Structures are given as structure tokens and as C-alpha cells.
Amino acid sequence: MKMIRTLVMMMMLTTLNEPAAFAAAWKVCDGVTVKPKYQPMGIFWDLCSMPDGSPAQRAFLSAMYEVRNYVHSLGFGGGYKRIHNGQCLIEHDNDRSDTALVNRADIDGALGLTLIETDCEDIITADVMAAADLNFTRADESRVIRRAPAGTTIGALVILHEVGHALGLEHTSSFAVMRNGLSARAPFVGMSPGSGGLSSELTGDDVFGISRIYGFTPTYRNVYVSSQTLRASGLIDNNVNPLNGDLVWSDPLMVCPGNVVNFLATVGNNSTTVESFDLSVYLDPDVNGYPHGLADALTTVSVSMGQGTSSFPIQFTVPASLAANTTYHVFVGTPNSLLTDRKGYDNTARSALRIRRKVGC
Amino acid sequence: MSTLGDPMNRHQLGILACCIILATTSGCRRAPVDADTGPPGEPQREEPVVPAGYAKIPPAPLDSPTQMLAQTATIFRGKLKEIHFTYDLCGGPRTQYVFGDSSSLVGVAVGPNVTLKVLGGQTPEGTWVSVSELPQLALDSEYVVFLRNTDWTYSPIVSNLVFRQETVDGRQVLVDPDGHLVTGWSEDGPSLSAARVSEPVGLQRRSMRAVRPVPPAQSTTDSPNPRAVVSAAGAGNADQPAPSPAVTAAELSFTSEEIRASGMFARPALAEAAAVNQQSATTQSFVSAITAAAERANVRIGGRLTLEPYWKCWNSTPTVKR
């Protein structure tokens, strides 16, 4: 945004170095963490429900690549078709790990299910199923999904969650892909349009769990930005006033130049390396207005954090250049490219907060 | 002119042969579109045997509290007294949770003993099947359980709506399967405490080989082998290896002591210090909140309670053709 050029306010947020509260969980049998026996455990995909080039197949492959950024315990099996009397099937007693989209009625109405066969400490096979009526394209990262009727863009997140189970992860109550589906589902992260990303990624808590299961120190350095925050046991969107009990702002929030707007920022770090970076707030009327540089920043804070996800209050002053009759999306992102960051496309998130100039000011 | 004796040619042929082998054995090989991929004359896949005239009710999405309550036949309270494992071709490996002292809190009345046949358990091969989104329950614990009024394959419990009753500082509390205190019922379903007060059930376990005493080694000389010796025709009287015994029901089953010793269904410790100052719901206040929510949503808790997995057999799931 060329019209918005205001003073950059620098703040040092050293408090983010506090250790994050991890809640990732995994099973242990006879003192050994439960994980695939023969690694990489190849997972095949059903070409009836996930044909080549389909969003669902892309979501599955994306989930596999995401997991393999951290650990190579799962592998690409290949496409398959198992047809019996004209009906495509995923078989659960065939000593193979498969993925398929199925009717919700066939998974008891759930969004996804994974059948896991173990010999206690070893996962032998894992069949991942996701509800076929979901949308598997890029999700709108600005809002947490509370309901998932047919067509909801939560399919990629469901597949990544279920693949996480195939990896050995159990449910967590933290800010993570492995959050239980009840009461405000798993969070999205920012994802630049056109990047190929689907707004679903493993978070610091997920990677912490993986590193404990497989016994390594996560060195894949990735910083991410999200528009959701964990409150009590649920996720909320960041369009709230943290100075007033997380009161949800109206949409759009009517403002005058010079007004100060408080809301929430959420950042995460997947590696155990302490990352230091700038985080800025900027406005853009374009829903796809990612990313902007430092010159457009209304506020910039310096962040330094270890592994995990942190949320904190952030504020900006409405610029005089705010055009009338225009609704602006509020973005939070890293204005500078981070040389050590493996995925730059998850460094800016469009928040749920939108502002509009009040008539008469 | 090159010949087969030419080393270069042999190399090329080798590569070609490898390519052919890879192409014919690769998992990426495509089956002909819409052609059955099983053996010729493959029998019909099994279907659950249901009572005559039985009309199946399909499970519907469980996206909202309203949908959850609309698919609830009963909310009952009971004590988990026993756990059994069963296996059959259609039902698959099942963990049978046997509740005693049961009574209905709202909805369809239940008898004093209620058995929930949840998918998961031991297969005849000795492996274990578990289902990712289904919680494990703790033996000797009191539970508040929501049961479906639709048919089902995996579990008769509605979503994850099963809560362990605990006592903290003389106060009754409910704990969700992930270990959070239940604080009420909201527009997102059960509202929960921020912090966990307990671990989920079953994260730490011991294998059955670790808890089952090793039988004494059989002598190879002392006593005669009670198994009949099977001889192949025309093989004379030479000793043949005894056939591998099938997995018997006895080997599939575990004693109550073995199940307890495995820790799979052990009640996790409650962090009373974390729970004591937390706001929480009692069973009564929780059920009252649910009843009020159901009334507001014009939903009736009730309908047909089905305790058998009649929807489909476990071993395959139809996929959706796109």
C-alpha cells in the first residue's frame, strides 16, 4: 500500500523466549515410542477418490511433503484402484497403508479417521480416510473453522491431521494440527496465494511431538504467522481487543485516522533454534495483498522466540491516508525475508480484522 | 554391427529388463478404469446381518452441537467394570466396554448393564487395530456417555462425547477424553478447561508379551506330541512338520489381570492441584445445560438406540468416485 506510510514503531518482545507449553502426545509401549515399523512406511492413494491433478490428491501429497520436511518415516506408495463389483474400495485388512476419500456416513459422521494396525510399539499399517464432501483447496486462513458442512475448505487440514496419526502423533490441546476436532478446530497458518500452500502446516507443538517420537532435534527452520489464538480450550480469531477481554471487533471496524486499534498477533517457530525477526502490520484492500515490505508497515515489533507458538497483543494507528468507501484487510507478516527460513510463503497472514473509514472523519 | 555379445548391448538390455520389471511391479501401475481389480468371481463382500425388516439410519455429520444432540439417543451414566476383546469377520476386532450400574440421564432408558462394542483390539494375526479419533476408556471409572440414535461402524458413542466422573476436593467433576475439565456446554459443544488435569487414557502401555507369563518350554523328548501327524500322500511314513495351529479364541482373549497389567485402560492420575481451583460442571449441571441447549435448538434427545455395528463391515470402506 503506497498511501500508507507511517512511523515504524519498534518494540522488543523479549518475553517470547519463555518456553512454550507443549501438549503434543504420543503412545509408548514397553517404554518405546510407537512409530512405523518399516520406514519409510509407504502410503498409497486411491485414484478413484483422489485422481491425478485433483485438489484432494494435491492435499494428500502436500501433507506428505510437509511431514517429510521433518522426518522421513512416511513415503509415497503410489496411486491405486481397488474396484469390486464396480465399487472403489479402501481395504483395511490388506497389509498396506492407503488413503482415500469416503462418505461421512462410512466414518460415523466424522471428518476423518485413521485405522492403525500395530504390534504395540510398531505401526504396521495406517489407513487414512477423509470425508469426501470437504473442499481440499487452500483454506481462508483468516478464520478458524467451527463447523464443517459439505464444501468447507478444511479438507487439507483433515488429511494432514490424519497423516499425523499415521506418524504416531495423538491429540493435543495446544496450537497444533493435531488438536482434537471438538470445540474450535485446528488452526490455519498464513499462506501467500499462488505459493501452492494450503494454509495447513505442522506447528511447533506438532514438530515437538514428532521430535520426541523419533528422537531427534528439529533443525528444519521455519517461522510462521497465524491469525488464530488459543484461548481457554478453543481457538479464536485475532479480530479481538485484548485490552477489553478479547471483545470481538465489529466487521468491518469503523475507524477514523489517528485511532489506535488493538488486536492479536500469532507467530510460531518449528525448530529449536531461537529465531529473531521483525513482524509488521499493514493494510491492503486486496484480499490477496501479500506480502508487503517494511515501507508499508504501520507497526513493527521485533520478535525473538524458541520452538512453539506465541500470541501477543499488537496495535497500530489508523493512517490519515485511509481511503473512504474502502474496506481494508489487516495483514500481519514479516516484512524482511528471513534467510534461514525454509518456507517464506507462510510468513504473512490475513487477519479476521478488517477496517473501514467512518463517514465524517 | 552390434551383437548380443557386445557388452554395451548387454548393458542396454539389462536396463530395459529392469524397466520392464519396475513397470510391471510398481505400485504406480494403473488398473484399467472401472474394471474390477479383484480375482475373477470374487464373492460379494460381507454385510452385517441385521434383524428382519431393520431399516438402517445413516450416521450424519457431527459438525455442530445441534447435530451431535440430534444424533443422541441417550446420555447415560455407568461404571466401566469389564473389558473384553472379540473378533469376527464383519465386526472386526472389537473392544467391548461393559458398563454396570447404568442409568439413563436423558433420552432412551438403558438397562443396568450396557456393552459398547468399539472398533479396535486384537486381530487373529496378533496385531492390534486402533482408530484415531476414538477415545480409550478407563476401567473402574464412572462415565457419562452419549450414545447414537443412528447406525454406526466404529463406535456407538456420539463423537468424543464420553466424560469420566472424578472427585476433586469433595467436588464432582467431569473430564473429557483428552484430559480437560468440562466447564459447560457452549455453541461449540462441551466447553473445557484450558489446562489438562489428566492424561488421555492409554498413552502408556505394556505389550501383552510383557504382561503374559511365558509358558514353560515343551520337552522334545519326554511326552508324545498330542497333535496328529499329517502325512502327504505317497510320502511314506516320514515325519512331517505339524501344521501351524490356528489362533484360538483362548490366545485371542486376555484375562482381566492381563488387561489391567497392560495399562491400556488404566485410569490416569488426576492433577488435583490443577483442578481444584478450576471452574467445572457437575454431571447434573452439564446434563441440564445440554437439555436446555437441545430445547433451544428444537432437538429431541432420543430415538432408536443401536448397540450393534450394523452400518457396514469393518474391513473395507467404499471410496467416492470423482
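Residues numbered from 1 in each chain as written. Chains lettered and ligands numbered in written order. Predicted model: local features only at pLDDT ≥ 70, side-chain atom pairs only at ≥ 80, totals over all residues.

Colleague: Is there a simple way to explain the overall build of chain B in this structure?
Modeller: Within chain B one finds seven helices and 12 strands. For chain B, the proportion of its 322 residues judged to be buried stands at 36%. Long-range pairs, those at least 24 residues apart, make up 65% of the contacts in chain B between residues at least 6 apart in sequence. (Helix = DSSP H or I, 4+ residues; strand = E, 2+ residues; numbered from the N terminus. Buried ≥ 20, exposed ≤ 12 C-beta atoms within 10 Å, placed from the backbone. Contact = placed C-beta atoms within 7 Å.)

Colleague: How should I be thinking about the interface of chain A and chain B in this particular structure?
Modeller: Put simply, an interface is often sized by how much accessible area is lost when its parts join up. Chain A puts 66 residues into the contact, and the matching count from chain B is 58 residues. Partitioning the side of chain A that touches chain B into residue classes produces 29 nonpolar, 21 polar and 16 charged. Sheet analysis places strand β11 (residues 112-118) of chain A next to strand β5 (residues 128-131) of chain B, joined by four bridges and oriented antiparallel. Bridge pairing in β5 of chain B links L115 of chain A to V131 of chain B. (Nonpolar A, V, L, I, M, F, W, Y, C, P; charged D, E, K, R; others polar. Pairing = 2+ DSSP bridges.)

Colleague: When you look at the nonpolar core in this model, what are you seeing that I'm missing?
Modeller: Across soluble globular proteins, nonpolar side chains show a tendency to be buried alongside one another. Residues and elements named next belong to chain A. Counting 166 residues, the largest nonpolar core has A130, I159 and V163 as its most contacted members. Top contributing element to this core by residue count: helix α2 (residues 155-167), with eight residues. Looking at which domains feed residues into this core, each of domain 1 (12-19 + 222-357) and domain 2 (25-171) supplies at least three. (Core = buried A, V, L, I, M, F, W, Y, C linked by C-beta atoms within 7 Å. Domains from an automatic or database assignment.)

Colleague: I would appreciate a short explanation of the sheet that holds strand β4 (residues 32-33) of chain A in the present structure.
Modeller: The strands making up a sheet are joined through hydrogen bonds of the backbone, oriented either antiparallel or parallel. Strand order in the open sheet made by the three strands is β4(A)-β3(A)-β11(B), with mixed pairing throughout. Where the open sheet ends on each side, the last strands, each with one partner, are β4 of chain A together with β11 (204-205) of chain B.

Colleague: What am I meant to see in the domain arrangement of chain A here?
Modeller: Residue and element names in this part refer to chain A. Along its sequence, chain A is carved into domain 1 (12-19 + 222-357) and domain 2 (25-171). One C-alpha centre belongs to domain 1, the other to domain 2; they are set 32 Å apart. Of the residues lining the interface, eight residues belong to domain 1; the matching set on domain 2 comes to four residues. Of all elements in the fold, only β16 (234-237) and β25 (348-357) reach the threshold of two or more residues within the side of domain 1 that touches domain 2. Broken down by element, the side of domain 1 that touches domain 2 gets its largest block of residues, four residues, from β25. Each residue belonging to the side of domain 1 that touches domain 2 can be placed in one class, and the counts come to three nonpolar, three polar and two charged.

Colleague: Looking at this model, I keep getting lost on helix α1 (residues 55-68) of chain A. Mind explaining?
Modeller: For an α-helix, the turn length of 3.6 residues means that residues three or four places apart are oriented alike. Residues and elements named next belong to chain A. Given a rise of 1.5 Å per residue, 14 residues ought to cover 20 Å, and the 20 Å separating the end C-alpha atoms of α1 matches this to within 8%. Buried within α1 are the following residues: A56, Q57, A59, F60, S62, A63, M64, E66 and V67. At its buried positions, α1 is contacted by β6 (41-46), β7 (74-80), β10 (97-102) and α2. (Expected span 1.5 Å × (residues − 1).)

Colleague: What should I look at first to understand the packing of α1 of chain A against α2 of chain A in this one?
Modeller: For any two helices packed against each other, the geometry is given by the interaxial angle and the distance between the axes. Residue and element names in this part refer to chain A. Their axes nearest at 9 Å, the elements α1 and α2 cross at an angle of 45 degrees. Between α1 and α2, the interaxial angle falls into the category oblique. Relative to α2, the crossing made by α1 is right-handed. Between α1, through A56, A59, F60, S62, A63, M64, E66 and V67, and α2, the contact on the second element is made entirely by G155, A156, I159, L160, V163 and L167. When grouped by side-chain class, the residues that make up the contact of α1 with α2 number 11 nonpolar, two polar and one charged. (Axes fitted to C-alpha atoms, helices over the stretch in contact; angles between N-to-C directions. Parallel < 35°, antiparallel > 145°, perpendicular 65-115°, else oblique. Left-handed = near helix turned anticlockwise from the far one by under 90°.)

Colleague: Is there a simple way to explain the sheet that holds strand β9 (residues 87-91) of chain A in this structure?
Modeller: Taken in spatial order, the three strands make up an open sheet running β8(A)-β9(A)-β12(B), and their pairing is antiparallel. Single-partner strands in this sheet number two, and they are β8 (83-84) of chain A together with β12 (316-318) of chain B. As paired strands, β9 of chain A and β12 of chain B are joined by three bridges and run antiparallel to one another. Residue pairing for β12 of chain B: E91 of chain A is matched across the bridge by S316 of chain B.

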